[in-house]
Every structure is written in C-alpha cells, then in structure tokens.
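Listed here are the chains, written in short residue letters.
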Amino acid sequence: MAKVLVVTSGKGGVGKTTSTAALGATLAQMGEKVVVVDFDVGLRNLDLILGAERRVVFDFINVVQGVANLSQALIRDKRLENLWLLPASQTRDKDALTEEGVSKIVAELRTKFDWIICDSPAGIERGATLAMRYADEAVIVTNPEVSSVRDSDRIIGMLDSKTVKAEQGEQVQKHLLVTRFDTARAARGEMLSIDDVLEILATPLLGIIPESQDVLRASNVGSPVTLNDARSAPARAYIDAARRLMGETVPMMVPVARKGLMDRLLGRRAA
Amino acid sequence: MDAMARPKRKPVRMRGRSYVAFVFCPAVPILGWLEEIDTTLRQSPGFFVGKPVVLDLSAVDLSCNAIAQLIASLEQRNIRILGIEGVDAARLDPSMPPLLTGGRNCMLSSSEPKKRESRSKPSSLLLDGQVRSGQSIVFPEGDVTVVGSVSSGAEIVAGGSIHIYGTLRGRAMAGINGNPAARIYCQKIEAELLAIDGYYRTAEEIDARLCDRPTQVWLEGDIVHITPLN
C-alpha cells in the first residue's frame, strides 16, 4: 500500500529538502521503493541535494501538461536503485501546477512506489497546499525557535482542513521533526526546548536532528547526509526517524553537547 | 353671539386587513364537483367552518340562475361564499356575494406551531483539540469551549464567554455583541490580546506573574480585569 508523505514547514530554510533527501534515501536503503517529488516549482533544490541536477530532462510540469510521460521524467539515483526523483520545473512558476494534474500524477506514482515523498515549498500558497493535498502522512519540519514553531502550527492547521483526507473526515498522520537543534545553544537556554515545542504544537515527535556542518558538507557534494557519512550525528538521527516512520519503536535521544578534553580543562563552553 | 358650537363630524376610521381565503374552482359537471366537496366534508366535517371561501368561476360558463343554484347548494353544506371572482358582473344579481378582483395566490401553511426549530439552534460551541495559528473561530451565538490550547496567531471570537482548557497563546474576544457580562477563562495565559465587549488588553499589559496559572478575565465598567482563578 503506497503512502504519500509530505515534508512541509511553512517557514523557509528549516531543512525540508535536506530532510526529504535523507528520509527518502534511508527508506530506500531499507528496501522500500521510494520516489521523492519536488513541489518547489521555480526554486527547485532537491535535484542538487541528490546530485542529479545534470540529468534533469523532463520535469513535473512537463508531465502535467502531457509533454512527457512519467517514466521519462523520473530520475533513478545512481547510488540507490530503489530511489527515484521527480524534479520540479525551474523555469515555470507555481501557477503551472493544477489540482487535476497533481492528482493524476500522485495516483500514477501510487501504483509504482511504496513511498511518495513530497518536498513542499515554503509558504502557504498554491505550491504548499498542492504538495499536502493528497498526503496520507506529514512530516512537519521545525527549528526550535518561535517563528518557525508558529509557522508550523499554521501548517498543521491546514493539514487538518485543506487536505483530501481532512475533507473526507479522516486525519493526516502528523510527525514532528525538529531540525537544526543546536546542543550548545539549547544548553544555554537560547532556544526553545523540545518540551516547549511539543507543548505548543501537540504533535508526536519523529526525531531531533542536531545542527551540524555535516549537513552542509553533504549538500555541497550532492549527497543525502545519510549517504555521505552514515555515522555522523545528523545521519544517525535521520536513520532513527526513518525507522520510526516504518513503525519501529526507537528510543528518542535529545542530543547533548559533547565537550572536548581541552574545553573541560579550560572550562570553556562548547561553541 | 351664537353659543351653540356645531358638532364636529367624526371621520369614519377605516383599516385594511387581509385574510387568506379558500378559493373554490367549480368544474363541469357541477354535480360531480359537488360530490367531491361532499367526499371532503365526510372525511373532515368541520373543514370549511368559519373559513372565508371565494368562488372562482373562470373555468365554467354559468348563467345567473345557475350561479344562484350553486351558491344555494353550497350553503346547504354549510359553506358560505364570501365573494365571487372570474365572472362578468352582469351575471350576478344584487343578492349574491360581491365580485372580487386583485386576489393573489399564497401558500396555505398548516397552522401547527413550529417549536422544534428554535430549540435545535445551539447556544454553545465545543472544540475538541488545538486551535492552530491562522485559524479564526467566530461564534456570535454564545459560548465557546476549547479542550486544548489556542496557538499564537489564532483567534476565538464569541458572543458569550470563552473557556479554554489549555494555554491561551492567541487572541480571545468575548461578548462581541455587546455582552459586558461575558468572561474568558483559561488554564494558562500567554495571550496576545484579550477583549470583552470591545474593551481590550494587549499582551504587554498582562502581568507576567499571571502566566502559568488558571486565569479569569472579566469586565468591570470599562476596565478589563485579569485575575488568577484560585
């Protein structure tokens, strides 16, 4: 039974695309057949993060308009044979997306894949609403700061009212993914705590991804962070999150700052 | 000097009033039509008693005599004719009911009292769960109860009081239809705006010491009071 999962946030720059690539790659490594769909028409990035930018020929809009068929537009990942990408158009704007077009493509993808992961654009306009429209489950990506949390709250409200599931009286299953969690700043009380975020959003936690240079390093070489260095802290957190998506029970760890020996000797705080 | 004042003429006061009348449209053969009337009367004998009845003769072509007979046979059945329409005035004689014009059709409504409808309208609204940022709950009919929190950027607008069994982080406006007795209750207060009957307080004016405890907001004169509940 295919699952449509939307990765969304409301706010920009919180890590939707990074999370889409990391979760998609991990699920594919676990043997699931996965397609990641870029809904950010005009500002696509998912192809870069997956290192597929030089292989894009046809895109989502071409398929919607019947210029190409779906199999021509799907790009298979070079490292993982179970992972596919449906890129967005970079030259169009979001008005080129239509509800019928998205509906048709999602229905076709459902017959071919186990997971359809939709990378939503920021905002609450057409692109974002269409990305969540047909979702069965949602990952809400939030940074532990007030503006991001409030935007996520707005998005959760839309997931509960604007999706096909909501209109049929069902619920989109929601998961909260806290990203860019800075252990040092959390220790100093400069960020919202996980408890604060959970209390405001009242949504089950899928994972906590620590802020890390590894994320930037991976995207620079066009690789999901979980593939680039599977033992890095963010990669391990994403792998745990993907296992929870598959229904496994994995204990949740709140990342803590690790102080080096020199820091301890000198009484310095980890920066 | 003439001490006699002429008695003033009192004008006759007249008022208009309208009634709903049954309109009978006799059809040929008249005898057959009368039998139908009889059938109706047998089923509910008092059906036409005390009701104004008008005879519409436009469907039949009756002489003056025939009209008189028809009226007589209706009178035998205790149906009295208030007026006649749809016939040339020349065919009526002065003893008959007057000719009417300008009638308008209307729906005959059953006279049963409608009690149910007014009762079914709810005077309170219960929301089971969070009210999220950007959502606006407007309920001018009465009280709103939220089993959950109201997020920052959400708003509750109620004609009556507002009860929140979670944290109020958004805006709450109670008594919007001019009800100064409305109040706002919440488990925890971090509100952006509180208003009762148009008088409001912004977040800056809420005492920080009130956070994290059950709170009541009420109006006295034109002052919004925010007090702990215990």
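Structure's up top.
Residues numbered from 1 in each chain as written. Chains lettered and ligands numbered in written order. Predicted model: local features only at pLDDT ≥ 70, side-chain atom pairs only at ≥ 80, totals over all residues. Heavy atoms only, no water.

## Points about the overall build of chain B
At step 1: Across its full length, chain B carries 3 helices and 14 strands.
At step 2: Looking at chain B as a whole, 34% of its 230 residues qualify as buried.
At step 3: The contacts of chain B with a sequence gap of at least 6 include a subset with a gap of at least 24, amounting to 31%.
At step 4: Here chain B has roughly 15500 Å² of accessible surface; of this, 52% comes from carbon and sulfur atoms. (Helix = DSSP H or I, 4+ residues; strand = E, 2+ residues; numbered from the N terminus. Buried < 20%, exposed > 50% of the residue type's maximum accessible area, 1.4 Å probe, protein only. Contact = heavy atoms within 4.5 Å. Areas by Shrake-Rupley, 256 points an atom, 1.4 Å probe, with all protein chains shown as cover.)

## Comments concerning the sheet that holds strand S5 (residues 136–139) of chain B
Residue and element names in this part refer to chain B.
At step 1: Read from one edge of the open sheet, 5 strands run S5-S7-S9-S11-S12, paired in mixed fashion. Two strands bound the open sheet, and with one partner strand each, they are S5 and strand S12 (199–202). The sheet shows a mean angle of 5° between the axes of neighbouring strands, direction not considered. (Pairing = 2+ DSSP bridges. Axes fitted to C-alpha atoms, helices over the stretch in contact; angles between N-to-C directions.)

## Section: the environment of Ile206 of chain B
At step 1: If you trace the backbone, Ile206 of chain B turns up in the loop between S12 and strand S13 (215–220).
At step 2: Residues in contact with Ile206 of chain B, not counting those within four places in the same chain, are Ala191, Leu194 and Ile226 of chain B.

## What about the state of the cysteines?
Residue and element names in this part refer to chain B.
At step 1: For the structure on display, the rule yields 0 disulfides over all chains.
At step 2: Sulfur of Cys186: no disulfide; nearest cysteine sulfur belongs to Cys211 and is 9.7 Å away.
At step 3: On the basis of relative accessibility, which here comes to 4%, the residue Cys186 falls in the buried class. (Disulfide = S-S within 2.5 Å.)

## Concerning the packing of aromatic side chains
All names here are of chain B.
At step 1: Applying the stated criterion to the full structure yields 3 aromatic pairs over all chains.
At step 2: Ring plane angle 75° and centroid distance 5.8 Å describe the contact between Phe24 and Trp33, whose orientation is recorded as edge-to-face. Neither Phe24 nor Trp33 differs from the other in exposure class; each is buried. (Phe/Tyr/Trp six-rings, centres within 6.5 Å; stacked < 30°, edge-to-face > 60°.)

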